[in-house]
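Examining the three-dimensional arrangement
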Amino acid sequence: MKEKVIIGLSGGVDSATAVHFLNEAGYEVVGMTLKMLPDKIEAACSAGEGFRVCCSREAVMEARICAMKLGIPHYVVNCSADFQSGIIDYFIREYLDGRTPNPCVFCNQKIKFKFMMEYAEMMGAKYVATGHYADTGYSEKYSRTLVRKPADASRDQSYMLCMLPLEYIEKILLPLGRYTKPETRKIAADLGLIVANKPDSQEICFIPDGDYQTFIRNSSGSAETAMKPGKIVDARGTVLGKHAGIINYTVGQRKGLGLTSKEPLYVVKIDAMKNEVVVGLESEAKISRFTVCGMNWFAGAPPAEDDEYTVKIRYKHRGSVARLKKIGENDFEATLLVPEKGVTPGQILAVYDGDWLLGGAVIK
Amino acid sequence: MENTRTDSLIYLDNNATTPVLEEAAAALNGALRSTYGNPSSYHRAGMAAGYVIEKARASVARLIGAAAPEIIFTSSGTEANNTAIYGTIGRIMSSGGKSGPANIVTTGVEHHSVSNAVKAVCSGGGISVKRAAISSECKLEPEEFERLIDENTVLVSVMLANNETGAIFPVSEIGGICARRGVLFHVDAVCATGKIRYSVKDINCDLLSISAHKLYGPKGAACLYKKRGVEITPLFRGGHQEANLRAGTENVPAIAGFGAACDYFFNNIESSAAHYLKLKELFSAGIKKALPGATLNCSSGEALPNTVSLTLDFCDIHEVNAFMFNIDLAGVCVSLGAACSSMAKEPSEVLTAMGMSDIRAHSTVRVSFGVQNTEDEVLRAIRIMEEAYGKITRARKLRVQA
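None of these values were measured; they are calculated from a predicted model. (Residues numbered from 1 in each chain as written. Chains lettered and ligands numbered in written order. Predicted model: local features only at pLDDT ≥ 70, side-chain atom pairs only at ≥ 80, totals over all residues.)

Regarding the overall build of chain B
Within chain B, the regular secondary structure consists of 13 helices and 13 strands. Its C-alpha radius of gyration of 22 Å places chain B within 12% of the 21 Å reference for a compact globule of 402 residues. Once the C-alpha set of chain B is aligned to its principal axes, its extents read approximately 70 × 55 × 35 Å. The buried share of chain B, reckoned over its 402 residues, is 50%. (Helix = DSSP H or I, 4+ residues; strand = E, 2+ residues; numbered from the N terminus. Rg over C-alpha atoms; globule rule 2.2 N^0.38 Å. Buried ≥ 20, exposed ≤ 12 C-beta atoms within 10 Å, placed from the backbone.)

And the structure:
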């Protein structure tokens, strides 16, 4: 009897090609597209020219065509209400609180993998698969299955999986872990998949034009303090200028502050309570010690104080060396061996040992 | 690798559409190959195609007790319903036959091709809609129409049988009321035709819609019965086809198949209905034993012999989905609500109009039997549904424990 796998199909080239690898490996593959965008947002996104929306009607049809072409059934599930309350609302709230959220990491945790795991349970499927560029494997050192970086380092999406519940790790299949994006596209083209040359999707699926400020303004109304102009100050409280509403700023940002100064100034803090953007010199912007909370740890024994880990402080971060010291039940103090700019509250810290993904936590 | 085969499936969704009868396929294929002419052409190729259409028209008319000239071929049941609604309202409005406010009387459980057309007609202002209530036992009281129809009523539209529940509505009584009150009466008979015998004379209707693919004919052919003397305006502007009421070259092959399907049911409707009923009773008895939490809807009143509406005791929409996916993976095809709204976020309006809660409406499965189904298929389907249901409840227990 073949093992059953549910694979999430976005309508893109990666997940469609992943179906082929699972077919080849002898699984019984069932395709599933989660419709996450609320109708209103989908309509707004689809109206814009050149926007690619992940779970639009068009993308669902493309997923269907690929599934039929590859000989697997394909089901569509609507979870837009959960996506709105769990992801979009969180995204807006974080910005209003002066933080910089990562919706994809939490979508994987709360929506994408969660729903597919629930369906897998109800449908007797042993595994859930996606087209992420990440790999899984058995780590001798940690005596368990862990996520690890993929063959295509330039596409590494393991960061996006760092907040997945521990019990999911043994149940996920990531067939693209051993392939590069060009290889995937080539195989998709050889298979005659219509999505072989489809452009890559946007970073934030519900804001395809990338203009998150307008999105937040339209979603929450301009009455919010975070939209209102306020002061730009330095660490001593000296007023240096005016800001256009804190949602427009991110910790570590240098450009677009509208300040004149001999040395470059960076956003070092966003104070939502005072409606202030605090700026400082590079030396002030670089920090080594910060707190992370809600540590999600895959690797057994919790991080030891003297161990050194490679950490990523945002998705495209190259990685730095850090130590982690436990300061609360799931809270840790992270110390970067070399201070860095852009340690941004709300973003996710992913913890690695070499290629192995050990866990993740939210930067406080 | 591509897989569009359906021969291993247990297809129990015959209210959504039906497989094509051998007789209908043969007629369709014959027309597709031989009578390729344009029926509007004067020459013999055209004549041959025209003859195919007129034969089919006679067959359709015979099945419903109409005269051939009263049949207008359309492309779909949706087009027939839209022609009935827009055509009558357009006629009344353009002829100035009505001044002042007007209204349409219908029910809350019509197919979207009626309810949305009525909604659109009324959105312009000047026309309002009144809907007769349906009881939770799927009953529609004719007296309700006596009350709702007033001097401003221009059209009454009621379906002969509901596609989601199978409930048969008292259209003859309503037709009598409409005739007495001098109001046009349209009947959507798309779901009922081929399952029960009726005559447009007995119903006393002015307009009635039928679609070929619901009675084992091909997709792409349907018709609107229009009683002699009733005037309507066409939906499309173009050629003179179908007595100037449906412009566009006729779909000759599909219409040929439609006629053949009507011939089949003219001769076999009672035996087909007996076959459906045997399967329905076998299924209803078996499923009640297999899934004790299931409720059979509309099982008391008059209903189509082939339709079972079954509400399962699921906790949320995802359990319902997973159940549907499980039985589909095992080869059983049924519907959630109506086929046209499957996997929709909103629950069936038809079921909620009958007073069902959202989650109960979401959890309602329609099983509809067809001429091709066998007792063995029904028994296998029950077993598959039982297994699928078991998977959902086991997963629920695990979730609750966690």
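So, next bit.
Regarding the sheet that holds strand β3 (residues 102-107) of chain B
Residue and element names in this part refer to chain B. Read across the open sheet, the seven strands follow the order β2-β8-β7-β6-β5-β3-β4; overall the sheet is mixed. With partners counted over all chains shown, the strands left at the sheet margins are β2 (71-74) and β4 (127-132), one partner each. Strand after strand, the sheet turns through a mean of 20° between neighbouring axes, direction not considered. Packing of helix α2 (residues 44-64) onto the sheet brings it into contact with β2, β7 (207-211) and β8 (222-226), and relative to β2 it is tilted by some 115°. Together, β2, β4, β5 (153-159), β6 (184-188), β7 and β8 form the strand contacts of helix α3 (residues 77-94), whose direction differs from that of β8 by roughly 35°. (Pairing = 2+ DSSP bridges. Axes fitted to C-alpha atoms, helices over the stretch in contact; angles between N-to-C directions. Contact = placed C-beta atoms within 7 Å.)

Examining the packing of α2(B) against helix α9 (residues 252-290) of chain B
All names here are of chain B. Two elements in contact, α2 and α9, have axes separated by 8 Å at closest approach and are oriented at 35°. Crossing of α2 against α9: the hand is left-handed. Of the residues in α9, those in contact with A49, V52, I53, K55, A56, S59, V60, R62 and L63 of α2 are V252, I255, A256, F258, G259, C262, D263, F265 and F266. Residues of the contact of α2 with α9, tallied by class, amount to 13 nonpolar, two polar and three charged. (Left-handed = near helix turned anticlockwise from the far one by under 90°. Nonpolar A, V, L, I, M, F, W, Y, C, P; charged D, E, K, R; others polar.)

A closer look at the interface of chain B and chain A
Contacts between chain B and chain A engage 18 residues on the former and 16 residues on the latter. Looking at the side of chain B that touches chain A, the elements that each hand over two or more residues are α10 (317-329) and α13 (375-401) of chain B. Element by element, the count of residues in the side of chain B that touches chain A is highest for α10(B), at eight residues. For the side of chain B that touches chain A, the class distribution of residues is eight nonpolar, five polar and five charged.

Quick look at the sheet that holds strand β12 (residues 335-336) of chain B
Residues and elements named next belong to chain B. Here four strands make up an open sheet; going across it, the order is β9-β10-β13-β12 and the pairing antiparallel. The strands lining the two open edges of the sheet, one partner per strand, are β9 (295-297) and β12. Across three bridges, β9 lies against strand β10 (residues 307-311) in antiparallel orientation. Along β10, the bridge assignment pairs N297 with S309. Of the strands in this sheet, β9, β10 and β13 (364-368) touch α9, which is tilted by about 15° from β10.

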